[in-house]
Amino acid sequence: MIILVVNAGSSSLKYQLIDMSDESVIAKGNCDRIGIDGHINHKTADGRVLDEDCPFPTHTEAFMKLVECLTSGDAKVIDSMDAISAVGHRIVQGADVFDKSVLVTDEVIDKIDELRELAPVHNHAHALALRACKSVIPANVPQVVVFDTAFHQTMPPKAYMFGLPYDDYEKLHVRKYGFHGTSHRFVSKALAEAMGKDVKDLKIVSCHLGNGSSITAVDGGKSVDTSMGFTPLDGVVMGTRTGSVDPSAVTFVADKHGFTPSQMSEYMNKKSGFLGVSGVGSDNRDIQEAANNGNDKAQLVSDMLAYEIQKYIGAYAAAMNGLDAVLFTGGIGENSWEVREQVCQNMDFFGIKIDEALNRTIRGKLTKISTPDSKVEVWIVPTNEELLIARDTLELISK
Ligand code: ADP
């Protein structure tokens, strides 16, 4: 059984074709610059590559090109779209409307589009892509949507409410939603399997660290709290995003710079974080390199990240009244031994001790990096959101 996984943004459409018999990737690619000009990069598992400019006025043309690449030409992998059993889509914001993955209907697409106010960059693009996909992919191929927010719908009100007047929650739906839920769900389950335990018996702090980062308290397999909030801006300092800031500093800075709310939002989402503090760049590799070369501001932002993660680990251990394991995932969590080492230093109060020599040698591999006498296990767990979307899709169409 073959499943197409789609991750659509406002100007891009990433995809993977997954063979569910062994969960291998048959082909993957990215259509980008949609609405600007258009470009596709398509790669097959056996190393064939197609990389060309082609006009993508809308998501529909991008889907048509994707179908063409999969079914014809030098990088063809299937004879026709009839070979595909279903399409699974990643959706950023499901709010409190969707607490699990669902089959796509016109009503579901409309609802996703209605939620666009809560995720302006993403949800409308998802709705456009879903409609485009329906117009291009044969009608008998079912589509499924998997939400970044769904895993966090188990948070209790005391964790997701803000101290704003209650009307803002009831009328404007302002609350913590949390993101990266697909990743946190995938890695917490994978960790339990690796530990040989039932996820129901574990208290885990899951650290997804990438361009965007979020930390989640997973108690018994359920998200009970998470660092991202109403939007993915909250929590720890990120590539270009501030993370948590005193709201009064936000209004003060906006006032001093003469920013409108949307300019201030852009400032905090695109110009801040690693980039804004260090002036070096948004990529963790550049930050670590600059810090190693004596750049104080790069060192500072690296210290800020590690310190903030340590505080979340402490807070979530308290929230769950216990801690069995900490896991690192995402581009930084899987690859940066420096960040993992910094986070795990001086955490012996919590019973966290890592094998520093081992930690320095591991990248992107499921590995336990804590010492045998560490009370809390520490693991690197590679994430695979596309695979989880494919698994959810398979499960739903099999019902
Ligand atoms: P996104 O949030 O866009 O999915 P990723 O999870 O791919 O991002 O993470 C990107 C981050 O991972 C970047 O900051 C990058 O520097 C970092 N990263 C990737 N590879 C390495 C590496 N080998 N060492 C340190 N950091 C890395």
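All values derive from a computational prediction rather than experimental measurement. (Residues numbered from 1 in each chain as written. Predicted model: local features only at pLDDT ≥ 70, side-chain atom pairs only at ≥ 80, totals over all residues. Heavy atoms only, no water.)

(A) Layout of the site of the ligand. Near the ligand you find Gly210, Asn211, Gly212, Asp283, Asn284, Arg285, Gly330, Gly331, Ile332, Asn335, Ser336 and Arg363, and these make up its full shell. Separating an oxygen atom of the ligand from a backbone N or O atom of Asn211 is a distance of 3.0 Å. Arg285 places a main-chain nitrogen or oxygen 3.2 Å from an oxygen atom of the ligand. Calculation on the ligand without its partners gives an accessible area of 580 Å², and the protein chains cover 71% of this total. Taken together, the elements giving at least two residues each to the shell around the ligand come down to α10 (284-292) and α12 (330-335). (Near = heavy atom within 4 Å. Polar contact = N/O pair within 3.5 Å; in protein donor to acceptor, adjacent residues only side chain to side chain. Areas by Shrake-Rupley, 256 points an atom, 1.4 Å probe, with all protein chains shown as cover. Helix = DSSP H or I, 4+ residues; strand = E, 2+ residues; numbered from the N terminus.)

(B) Region of the structure containing the UniProt feature "site: Transition state stabilizer" (unreviewed entry) in the chain. Here the UniProt feature "site: Transition state stabilizer" (unreviewed entry) sits at His180 and Arg241. With respect to the helices, strands and loops of the structure, His180 is situated in the loop between α5 (166-172) and α6 (181-195). Aside from chain neighbours lying at most four places away, what touches His180 is Asp148, His152, His208, Gly212, Ser213, Ser214 and Met228. Topologically, Arg241 is positioned in the loop between β11 (222-226) and α7 (247-257). Not counting the four nearest positions on each side in its chain, Arg241 is found in contact with Gly212, Met228, Pro232, Leu233, Met268, Asn269, Ser272 and Gly273. Within the structure, Arg241 has its side chain in polar contact with the backbone oxygen of Pro232 (distance 3.0 Å). (UniProt positions renumbered as here; feature names shortened; annotations may be inferred. Contact = heavy atoms within 4.5 Å.)

(C) The nonpolar core, seen in detail. Ranked by internal contacts, the top residues of the largest apolar core, which has 36 residues, are Val205, Ile215, Ile309, Ile313, Leu323, Val326 and Ile352. Elements supplying a minimum of two residues to this core: β9 (203-209), β10 (213-219), α10, α11 (296-320), β12 (325-329), α13 (337-344) and β14 (377-380). Of all the elements, α11 adds the most residues to this core, at 10 residues. With residues near it in sequence (within four places) discarded, Ile313 still touches Val205, Leu323, Val326, Val343, Met347 and Ile352. Within the second largest apolar cluster, 31 residues are counted, among which are Leu50, Ala62, Ile137 and Val141. (Core = buried A, V, L, I, M, F, W, Y, C linked by side-chain atoms within 4.5 Å. Buried < 20%, exposed > 50% of the residue type's maximum accessible area, 1.4 Å probe, protein only.)

(D) Structural view of unusual backbone geometry. Unusually for a residue other than glycine, Glu23 sits at a positive phi of about 55°. In this structure, Glu23 sits in the loop between β2 (12-19) and β3 (24-32). According to the relative accessible area criterion, Glu23 is partly exposed, its value standing at 31%. Its identity as a non-glycine residue notwithstanding, Asn321 has a phi of 55°, on the positive side. As for its position among the elements, Asn321 is in the loop between α11 and β12.

(E) Local environment of the pairing of strand β5 (residues 49-53). In terms of strand pairing, strand β4 (residues 39-44) meets β5 through 5 bridges, oriented antiparallel. For Ile40, the partnering residue across the bridge sits in β5 and is Glu52. The loop that links β4 with its antiparallel partner β5 comprises 4 residues; one of these, Gly47, has a positive phi angle of about 95°. (Pairing = 2+ DSSP bridges.)

(F) A look at the environment of Gly331. Along the chain, Gly331 turns up in helix α12. On a C-alpha basis, the gap between Gly331 and Ser72 in space is 33 Å, while along the polypeptide they are 259 residues apart. Discounting chain neighbours no more than four positions away, the residues touching Gly331 are Leu209, Gly210 and Ser336.

(G) Region of interest: the pairing of strand β1 (residues 2-8). Within β1, 7 of the 7 residues are buried, which leaves it mostly tucked inside the rest of the structure. Going residue by residue along β1, you find Ile2, Leu4, Val6 and Ala8 tucked away on one face and Ile3, Val5 and Asn7 tucked away on the opposite face as well. Pairing between β1 and strand β6 (residues 84-91): 5 bridges, direction parallel. In the sheet register, Ile3 faces β6, and the bridge partner there is Ala86. Where β1 and β2 come together, 7 bridges link them in antiparallel fashion.

(H) Fine view of helix α15 (residues 385-398). Taking 1.5 Å as the rise per residue, α15 with 14 residues should run 20 Å; its terminal C-alpha atoms sit 20 Å apart, in good agreement. Within α15, burial applies to Leu387, Leu388, Ile389, Ala390, Asp392, Thr393 and Leu396. If you follow the buried residues of α15, they end up packed against β1, β2, β6, β7 (102-103), β8 (143-147) and α6. (Expected span 1.5 Å × (residues − 1).)

(I) How the structure looks around the sheet that holds β2. Strand order in the open sheet formed by 8 strands is β5-β4-β3-β2-β1-β6-β8-β7, with mixed pairing between adjacent strands. Each edge of the sheet is formed by a strand with only one pairing partner; in this case those strands are β5 and β7. Strand direction decides the pairing type here: β3 and β4, joined by 6 bridges, are antiparallel. What sits directly across from Asn30, in β4, is Asn41. Against the sheet, helix α2 (residues 106-114) engages β6, β7 and β8, with an angle of about 30° to β8. (Axes fitted to C-alpha atoms, helices over the stretch in contact; angles between N-to-C directions.)

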